[in-house]
Amino acid sequence: SVNDPADANAKNGYQVGVSGAFPISDRRSFRSGLFYAEKAIEVEQGATKDDLKFTYFQIPAALLFKFMDYAGVYAGLNLEMNLGDDCGSFTCDDVK
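My aim in this report is to walk through the structure given alongside it, one point at a time.

Cut-offs used in this document
Residues numbered from 1 in each chain as written. Predicted model: local features only at pLDDT ≥ 70, side-chain atom pairs only at ≥ 80, totals over all residues. Heavy atoms only, no water. Core = buried A, V, L, I, M, F, W, Y, C linked by side-chain atoms within 4.5 Å. Buried < 20%, exposed > 50% of the residue type's maximum accessible area, 1.4 Å probe, protein only. Helix = DSSP H or I, 4+ residues; strand = E, 2+ residues; numbered from the N terminus. Contact = heavy atoms within 4.5 Å. Polar contact = N/O pair within 3.5 Å; in protein donor to acceptor, adjacent residues only side chain to side chain.

Okay, the nonpolar core next. A general tendency of soluble globular proteins is for nonpolar side chains to be buried together. Residues Val43, Leu52, Phe54, Tyr56, Cys87 and Phe90 constitute the largest nonpolar core, which totals six residues. The element best represented in this core is strand β3 (residues 48-68), accounting for three residues. Dropping the residues within four chain positions of it, Phe54 is found in contact with Ala37, Glu38, Lys39, Gly84, Asp85 and Cys87.

The subject of this paragraph is the side chain of Gln58. The residue Gln58 is located in strand β3 in this model. Here the side chain of Gln58 touches Gln15 through a polar contact of 2.5 Å, side chain to side chain. Discounting residues that sit within four places of it in the chain, Gln58 has contacts with Gln15, Gly33, Leu34, Phe35, Ala37, Lys39, Asn78, Leu79 and Glu80.

Relative to the assigned elements, Gln15 resides in strand β1 (residues 8-23). By relative accessible area, Gln15 is classed as partly exposed at 47%. Considered as a pair, Gln15 and Lys39 are 24 residues apart in the sequence and their alpha carbons are 8.7 Å apart. Setting aside chain neighbours within four positions, we find Gln15 in contact with Phe35, Tyr36, Ala37 and Gln58.

Read these as spatial facts, not as claims about activity.
Pasting the structure below:
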């Protein structure tokens, strides 16, 4: 199984989608969107080396609290739904 972080290296992925902010008041806004994302890692275990790719739909939901026009704090969550995985020569059950 692939459970040693020393065996894995992060790779570049991508994310595309749309987001928007909806004002609640002068100092508060709600922000949400819909994104398609791919996350990838390279795993090397013994003589076996492979790329693992995972794809997701992401729905962020956050509240923005503004201190000034140019400064604020976001608090929220990011819901993700796994659309697929490609674990190459590994089985995805081996990846922890």
